[in-house]
Amino acid sequence: MLATLLAATVLAAPFQETAPPGQLTAVDRSGKPGILVPLKGTQVSVDIAGISARVTLVQTFQNPSSTPIEAVYTFPMSNDAAVDRMRMNVAGRLVLGQIKKREDARKIYDTARANGQVASLLDQERPNVFTQHVANILPGAQVEVEISYVQTLKYEDGQYEFSFPMVVGPRYLPVSTPDPGKVSPPIIPKDMRTGSGISLSVHLDAGTQLDSVTSVLHDVNVRREGADAAYIDLKHKDEIPNRDFILRYKVKGQGIKEQLVTHSLGDGTGTFCLVLNPPKDVQPDTVRPREVVFVMDQSGSQSGFPLEKSKELTLKLIDQLRPSDTFNVISFSNGAKRLWDTPRQNTPANLDEAREYVNKLLANGGTEFLPAIDLALATPPAGGRLRIVVFNTDGFIGNEFEVLDRIQKYRKNARMFTFGIGNGVNQFLIDAMSEEGRGGAETVTLQDMADAAVSRFLRRTSTPILTDVALDFKGVQVADVSPQNPEDLFAGRPVVITGRYLNPGSGSVTIRGVTGLGPWAREIPLTFDRNGSGGAGVTSLWARRKVQDLTRLDWMAQTRGNQDGRDKTVQEITSLGLKYGIMTAYTSFVAVEQRVVNMGGKQRTVNVPVEMTDGVSYEGIFGESAGKSIANGAPSGLASGGFGGGGGGRSGGYAANQPGGVVAGSPIQTKGVAKDKAETIALRGASDLANVNEQIRNGTLKATVKVDTKLLARSGKLEVQIWVTDVNDKVLKALEGAGLKVDDKDGSLKVVFGTVDASKLEGLAKVEEVVRIGPLEG
């Protein structure tokens, strides 16, 4: 058998770990059982009132195997979610989650795991990506984890929008990605389903007469409950959680209702959320000349329908250029390329050349944002023009903070308007790019017509409705107001202000700015009640926005870590999370059941595979041989890690972040030395890894993932779990002969547990029947 100890970015053979019929496993279209999936399903309940929503999701984990397991599940939530509650249900016993410093929560969880107690740990990897760990799930047992959060809805031009993300899309992981394994869950192979279900229901209280309710990507049942309320749920019970749930509704009457909601903290202070309408008078800026730069993502994840939708949108926007505009087109994947060296005038000949360039774009390769950002933003616009950057992408990258830091550096040179193209985009990045770029963001699904998005873009870019915005509070003492310095406001969108009040009382806030007609101001009376008018969700929303403000002060803080407690931004965010009970990058929820259920705590870790995002091409991500996939310490056949796209993309530098490995295969060239087919070669450098990975992609080397990267970085005695083609005396004898001390085995799942010295890993991987070797603790 051709083998590899390379657990970085490689293409792998179909996954072999199976479970008996009737157990919870992924299945292919023929119904044949495949990969063990410990996530039974997710139940989502949403309560919408006004411009906010309370979302509660219950994740049900179960263990259909014959040995204890730990489940690890990477999943999305809203990027502005204020996660303020978690609890665990173990056989009817409820355990409330506690908010702790991230490192403290991990220690508590690891101790409970080793002790054999059922425990759950919830970490935030990105503002919209989270990891749930559940330890010591016994055979046949079931554990439920309930998570709850509050968020605000989007509102524009009389229409509210609520979105619930269902899947983490495949991430391209550049060298600078700080934690590639935490944002790239294994993806189920093509033509298979995880078997994990999802149910979703929404109680909608509009507070005024409802006009229309529509779901963009799912068939739903809508039951009206009076003039101003409705109950919505998914029509199909076997929905695949592979695309965002997007609910849009309109109300009758004049725009959004202005309101002030407060929450008392019990000591005379409290928090507030204020929703205001912007001014209605607009004087379009038709005089100032513009430079419009269209930036198009043509990486592998855009292959097929996404790129076609991006082309449709870009061509329609090109058709709407003003006669005085100059413009250019930039496309990017492994690198960035622009149509012309400098922007050109809006002439028929230039328009035709641009349309031809757009139409000929093909999707392949990685997603290197930074070269495209530099081309679009680094130099100031010429001739006093207003530069407008239109950026189309799905945002499937792992170095978001680096990208946002770069946009922030150049933000004075342009306004950036981002369009998330697809049915499950990285909404955190899409929204944050537009915030740093002083523009607007919109998601264009593969089912949406581009015309509506074009109309909204034209209205937004005609001019901001209010610039030089400032807030002035009188008669009341407030602190930590967000946004402290509001960005320019655009037509049809409300202003949402959160903050703390230091004592109850009455006063006012004046919002000032400049419209196309000159200076504008409006005073709004305020009353901060001692007892508050709303629930604790108001405080959670404020705290989350305060965290977002602090994060924007230093995007790169999360990539550096806490530096032994010296990082001021990290300290402030951690304090907010602990004091107000919300999740952040540095605070986590942990819950531990007191009873010991698994003496000795021995268990194997199972990473929950996820569906491929709807509309994303397997071929675009994994190359022409879509039955193969990319593995990041995951069982072979499950996709994860950086992607290169069809036709020989690149690894995105992901391999350089990993400890290397050993590969044995057909003749290859490594550092100028030809290697024999039968020889095993050690790979320790990024160039070696990239070289081998490329040959695996183009078919000159066929290899199968054998050893998890985590093991390669260790020494001494290792506790491992080994997936094999069969558990029988012959296989066990071969494993023992290669140095494994067998502790346990599971014939149904074809897994052997044991201890081996790190120096024996290579020999153990050469056992023909070995499919994969991983650490016992994951």
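Residues numbered from 1 in each chain as written. Predicted model: local features only at pLDDT ≥ 70, side-chain atom pairs only at ≥ 80, totals over all residues. Heavy atoms only, no water.

Thoughts on the sheet that holds strand β14 (residues 159–164)
Here is the rule we go by: For two strands to pair, DSSP has to find at least two bridges joining them. A run of H or I in DSSP counts as a helix once it spans at least four residues, and a run of E counts as a strand once it spans at least two, with each numbered from the N terminus. Lines fitted to C-alpha atoms define the axes, with helix axes restricted to the stretch in contact, and inter-axis angles between N-to-C directions lie between 0 and 180 degrees.
Pairing is antiparallel across the open sheet formed by four strands, whose spatial order is β13-β14-β20-β17. Bordering the open sheet on either side are β13 (154–156) and β17 (210–215), each of which pairs with just one other strand. Taking each pair of neighbouring strands and ignoring which way they run, the sheet shows an average axis angle of 20°.

A closer look at the environment of Q59
Convention followed: In this analysis, two residues are considered to be in contact whenever any of their non-hydrogen atoms come within 4.5 Å of each other.
Within the fold, Q59 resides in strand β5 (residues 52–62). Taking C-alpha positions, Q59 is 7.3 Å from L39, a pair spaced 20 residues apart along the chain. Apart from the residues within four sequence positions on either side, Q59 is in contact with L39, G41, T42, Y73, F75, Q132, V143, E144, V145 and I147.

Some details on the sheet that holds strand β34 (residues 518–528)
Spatial ordering of the open sheet is given by β30-β33-β34, a layout of three strands whose pairing is antiparallel. Bordering the open sheet on either side are β30 (467–474) and β34, each of which pairs with just one other strand. When the angles between neighbouring strand axes are averaged without regard to direction, this sheet yields 15°. Sheet topology note: the strand β33 (residues 505–515)/β34 ladder contains 11 bridges and is antiparallel. Bridging across to β34, G507 finds its partner in L526.

Focus on helix α14 (residues 729–737)
Here is the rule: Type-normalised accessible area, obtained with a 1.4 Å probe on protein chains alone, sets the label of each residue: buried when under 20%, exposed when over 50%, and partly exposed for intermediate values. The directions considered for the arc run from the helix axis to the C-beta atoms. Definition of a polar contact: a pair of N or O atoms within 3.5 Å, with one able to donate and the other able to accept a hydrogen when the atoms are protein atoms, and with sequence-neighbouring residues admitted only if both atoms are side-chain atoms.
Within α14, burial applies to V731, L732 and L735. For α14, the arc enclosing every buried residue in end-on projection is 100°, short of the 170-degree limit, so these residues lie on one face. Relative to its buried face, α14 has exposed residues pointing more than 90 degrees away, namely D729, K730, K733 and G737. You can read the cap of α14 off the contacts: a side-chain oxygen lies 3.1 Å from the backbone nitrogen of K730, and it is on N728. Just past α14, the residue G739 takes up positive phi, approximately 110°.

A short note on the side chain of S299
Assignment of secondary structure puts S299 in the loop between β23 (290–297) and α2 (305–319). Reaching out from S299, the side chain makes a polar contact with the side chain of D297 at a distance of 2.7 Å. Side-chain polar atoms of S299 contact the side chain of T367, separated by 3.1 Å. For S299, the residues in contact, after removing those within four places along its chain, are F332, S333, A363, N364, G365, G366 and T367.

Regarding the pattern of salt bridges
The test is simple: By definition, a salt bridge exists where a carboxyl oxygen of Asp or Glu is found within 4 Å of a side-chain nitrogen of Lys or Arg.
For the structure shown, the criterion picks out 40 salt bridges. A salt bridge links E436 to R552; the nearest nitrogen and oxygen atoms lie 2.9 Å apart. Residue E436 is found in helix α6 (residues 427–436), and its partner R552 is found in helix α8 (residues 537–553); the two are separated by 116 residues along the sequence. Classification of E436 by relative accessible area gives buried; the value is 1%. Salt-bridge contacts for K546 lead to D480; the nearest nitrogen and oxygen are separated by 3.4 Å. Residue K546 is found in helix α8, and its partner D480 is found in strand β31 (residues 478–482); the two are separated by 66 residues along the sequence. The structure contains a network of salt bridges with shared partners spanning E156, E442, R456, R459, R460 and R493.

Some details on the nonpolar core
For clarity, the threshold we go by: In these notes, a set of buried Ala, Val, Leu, Ile, Met, Phe, Trp, Tyr and Cys residues joined through side-chain atoms within 4.5 Å is what counts as a nonpolar core.
Of all hydrophobic cores here, the largest spans 74 residues; its most connected members are I48, V83, F164, F245 and Y249. Setting aside anything within four residues of it in sequence, one finds V83 in contact with M77, L122, F130, I147, S148, Y149, G581, I582, M583 and F589. F327, W340, L386 and V444 belong to the second-largest nonpolar core, a separate cluster that totals 29 residues.

Let's talk about the packing of helix α5 (residues 400–409) against α6
The following threshold applies: Every angle not falling under 35 degrees, over 145, or within 65 to 115 is termed oblique; those three ranges are roughly parallel, roughly antiparallel and roughly perpendicular. Left-handed describes a crossing whose near helix is turned anticlockwise from the far helix through less than a right angle; right-handed describes the clockwise counterpart.
At their nearest, the axes of α5 and α6 sit 9 Å apart, and the two run at 15° to each other. For the element pair α5 / α6, the angle class is roughly parallel. For α5 against α6, the interelement crossing comes out right-handed. Residues E400, F401, V403, L404, I407 and Q408 of α5 form the contact with α6, whose participating residues are F428, L429, A432, M433 and E436.

Section: the pairing of strand β44 (residues 751–757)
Extensive coverage of β44 is indicated by the burial of six of its seven residues. Direction of pairing for strand β42 (residues 717–724) relative to β44: antiparallel, over a ladder of seven bridges. Residue pairing for β44: K717 is matched across the bridge by D757. In this structure, strand β43 (residues 741–746) lies alongside β44, joined through five bridges in antiparallel fashion. Of the residues in β44, the one forming a bridge with D746 is V751.

A look at the environment of F305
Mapped onto the fold, F305 is located in helix α2. Exposure remark for F305: the relative accessible area of 63% places this residue in the exposed category. For the pair formed by F305 and V616, sequence separation is 311 residues and the distance between their alpha carbons is 7.9 Å.

Quick notes on the packing of aromatic side chains
The criterion, for reference: Ring geometry is summarised as follows: Phe, Tyr and Trp rings, the Trp one being its six-membered ring, pair when their centres sit within 6.5 Å, and such pairs are stacked at plane angles under 30 degrees, edge-to-face over 60 and tilted between the two.
One pass over the structure, following the stated rule, counts 18 aromatic pairs. When the centroid spacing of 4.6 Å and the interplanar angle of 5° are considered together, the rings of Y501 and F528 count as stacked. Of this pair, Y501 sits in strand β32 (residues 495–501) while F528 sits in strand β34, placing them 27 residues apart in sequence. Side by side, Y501 and F528 carry an identical accessibility label, which is buried. Linked through ring pairs, F61, Y73, F75 and F130 together constitute an aromatic cluster.

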